[in-house]
Amino acid sequence: MQLAVLGRRSLSLARAVLAALGRRLTALCWSLASLALSLPLSLPLPGWRRVSAPSPANPAGARRERERDDASPTPTSVNYHFTRQCNYKCGFCFHTAKTSFVLPLEEARRGLAMLKEAGMEKINFSGGEPFLQDRGEFVGKLVQFCKQELKLPSVSIVSNGSLIRERWFKKYGEYLDILAISCDSFDEDVNVLIGRGQGKKNHVENLHKLRQWCQEYAVAFKINSVINRFNVEEDMNEEIKALKPVRWKVFQCLLIEGENCGEDALREAEKFVIRDEDFEKFLDRHKDISCLVPESNQKMRDSYLILDEYMRFLNCRNGRKEPSKSILDVGVEAAIKFSGFDEMMFLKRGGKYVWSKADMKLDW
C-alpha cells in the first residue's frame, strides 16, 4: 500500500517537472523568433547563401541576369581584312599573307548586309593591301555598296597608298568617308628599313599626292603610324601639321603570335618592339598635335572587331588570332561571341567618333 502511494507521488512530481520545462522551452522559442524578426533583412546568417526570388513586379529578374551575361556585343565598327596579300613587306605587320583567298563579291556583300542588320555603323576595309584586288575595283564596289545600298554612316579604307590612282577617286570617292594612309616615317631611308619601300617610288611624296586628291574629292584624310624601334626617336610635328589629317592614329608596335612572331610567323617583329616608356616619350613629343590619337598595346589588343578574309572574327586575347566560325555560316550574333571584343575598351579608346564626312568640316 505504501509503495503504491510513493509511486503515484513520484509520477506527479515527474509530470510537474516536465510541464515546467515545456513552459520554459516555449518562452525560449518565442524569444528567438522575436530576435530573428528584429534583425535586418539584408543580414545573412552564417553559412547561408541568400537567393533572391523574382518579385511579382519583376518576375524575369534572374533570367535577365543570365541574358546580360550571355549578351553579344554590337558590331558598331568593324574592320574587314578581306585580303592578306600586300605589295609591301613591313617587318611588324600583324596581318600577313598567309592565304591568297578573297571572298566572291556577292558573298562579301551578303556578309556586310548581315553586319548592318546586327547594328554596324562603320566599316573599315583593310588588308593586306586592299587596292591589290582587281586594281582597286573590288574595294571600290564594296565601298559603293556600303554607302549607297546599306547607307552606312561611315565607310573607310586603310591602305599603304602605293596603288591608288586618281581615276579611283573619280569613280568611288563620293562613297568614301575616310582614307587612312599608313606612314611610319618621313625619312625615306627609315621607310625602307621598315619594309615600306618599293623601288624608286617615294612613299612620302606619294602621301602628299594622296592628301591632295582627298581634298579635291571631299574624302577625309587620315594617317596611321606604327611606332617602333626605327622611328621612335623621330620628330614628326612639322610634317603632320603640314598634312593636316583629320586623325593621326599612332599605334605601339604589337606582337601577334603566328603573324609577326613565333615559329609559324611570316615576320620577325621582335626587333621592332619598343618599351611602354619609349612609346610614352614619343607621344609626349607630339602632344601639341590636336588630331593625335594614341593607341598602346593594351588599348589595341581587344578593342577592335577584326573580320578576316573568310568573314571570321579574330580573337586576340591570347596573343594570337583565334578565328570564330564565319558569320556567313552561323550568323553575326553566334560568331561575335567568340571575338574577344572588349566593348568598354572600344569606347574608352575613343573608337566611336565623328566618322561620317557629312558631319566633318573638310575645308582644309
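By the naming in an unreviewed UniProt entry, the chain is S-adenosylmethionine-dependent nucleotide dehydratase RSAD2, taken from Nyctiprogne leucopyga. Heading Subcellular location (unreviewed entry) of the UniProt record for the chain holds this comment: "Endoplasmic reticulum membrane". If you open the UniProt record of the chain and go to Sequence similarities (unreviewed entry), you find "Belongs to the radical SAM superfamily. RSAD2 family."

*Asks:* Give a description of the overall build of the chain that names residues and reports values.
*Replies:* Regarding its fold elements, the chain presents 13 helices and 10 strands. Within the chain, contacts between residues at least 6 apart in sequence are counted, and of these 74% link residues at least 24 apart. Carbon and sulfur atoms make up 53% of the accessible area of the chain, which totals about 20,100 Å².

*Asks:* Requested: an account of the packing of helix 3 (residues 105–117) against helix 4 (residues 137–149), with residues and values cited.
*Replies:* Interaxial distance between helix 3 and helix 4 falls to 11 Å at its minimum, and their mutual angle equals 35°. Viewed along their axes, helix 3 and helix 4 form a crossing whose handedness is right-handed. Facing Leu105, Ala108, Arg109 and Leu112 of helix 3, the residues of helix 4 in contact are Phe138, Lys141, Leu142, Phe145 and Cys146. The residue inventory of the contact of helix 3 with helix 4, partitioned by class, reads 7 nonpolar, no polar and 2 charged.

*Asks:* Run through the side chain of Ser162, naming residues and quoting values.
*Replies:* On the secondary structure map, Ser162 appears in the loop between strand 3 (154–159) and helix 5 (166–172). Of the residues examined, Ser162 reaches a relative accessible area of 6% and is grouped as buried. In terms of polar contacts, Ser162 uses its side chain to reach the side chain of Asn87, at 2.8 Å.

*Asks:* Summarise unusual backbone geometry; cite the residues concerned and give the values.
*Replies:* A cis amide bond, omega 15°, links Gly127 with the succeeding residue Gly128. The phi dihedral of Met311 falls on the positive side, at around 60°, and the residue is not glycine. Among the secondary structure elements, Met311 is positioned in the loop between strand 8 (306–307) and strand 9 (312–315). With a relative accessible area of 0%, Met311 lands in the buried category.

*Asks:* Go over a positive patch on the surface with me, naming the residues and quoting the values.
*Replies:* There is a patch of like positive charges on the surface, built from Arg135, Arg165, Arg167, Lys201 and Lys209. One can find Lys201 in the loop between helix 6 (188–194) and helix 7 (203–216). Taking relative accessible area as the criterion, Lys201 reaches 44% and is therefore assigned partly exposed.

*Asks:* I'd like a description of the confidence of the model for the chain, backed by residues and values.
*Replies:* Of all residues in the chain, 80% have pLDDT values of 70 or greater, and the mean over the chain is 84. Predicted confidence for residues 1–9 stays below pLDDT 50, and this span has 0 contacts to residues more than four positions away or in other chains. In this model residues 25–56 is a low-confidence stretch, pLDDT under 50, and it forms 4 contacts with partners more than four residues away in sequence or in other chains.

*Asks:* Give a description of the pairing of strand 10 (residues 322–326) that names residues and reports values.
*Replies:* As judged from the 3 bridges shared by strand 9 and strand 10, these two strands associate in the antiparallel manner. For Asn315, the partnering residue across the bridge sits in strand 10 and is Glu322. Between the end of strand 9 and the start of strand 10, which pair antiparallel, lie 6 residues, with Gly319 showing a positive phi angle near 85°.

*Asks:* Go over the nonpolar core, please, and point to the residues and values.
*Replies:* Ranked by internal contacts, the top residues of the largest apolar core, which has 66 residues, are Tyr80, Leu112, Ile123, Phe125 and Trp248. At 6 residues, helix 4 tops the list of elements feeding residues into this core. With near-sequence residues (within four places) excluded, Leu112 lies in contact with Tyr80, Met120, Ile123, Phe125, Leu142, Phe145, Cys146, Leu150 and Met311. Grouped together as the second largest cluster of nonpolar side chains are 17 residues, Val226, Cys253, Ala269 and Tyr304 included.

Calculation rules
- Residues numbered from 1 in each chain as written.
- Predicted model: local features only at pLDDT ≥ 70, side-chain atom pairs only at ≥ 80, totals over all residues.
- Heavy atoms only, no water.
- UniProt positions renumbered as here; feature names shortened; annotations may be inferred.
- Helix = DSSP H or I, 4+ residues; strand = E, 2+ residues; numbered from the N terminus.
- Contact = heavy atoms within 4.5 Å.
- Areas by Shrake-Rupley, 256 points an atom, 1.4 Å probe, with all protein chains shown as cover.
- Axes fitted to C-alpha atoms, helices over the stretch in contact; angles between N-to-C directions.
- Left-handed = near helix turned anticlockwise from the far one by under 90°.
- Nonpolar A, V, L, I, M, F, W, Y, C, P; charged D, E, K, R; others polar.
- Buried < 20%, exposed > 50% of the residue type's maximum accessible area, 1.4 Å probe, protein only.
- Polar contact = N/O pair within 3.5 Å; in protein donor to acceptor, adjacent residues only side chain to side chain.
- Patch = residues over 30% accessible without salt bridge, like charges linked within 9 Å, V, L, I, M, F, W, Y side chains within 5 Å.
- Salt bridge = Lys/Arg side-chain N within 4 Å of Asp/Glu carboxyl O.
- Lys, Arg positive; Asp, Glu negative; His and termini not counted.
- Charge placed at Lys NZ, Arg CZ, Asp CG, Glu CD.
- pLDDT = per-residue confidence, 0-100.
- Pairing = 2+ DSSP bridges.
- Core = buried A, V, L, I, M, F, W, Y, C linked by side-chain atoms within 4.5 Å.

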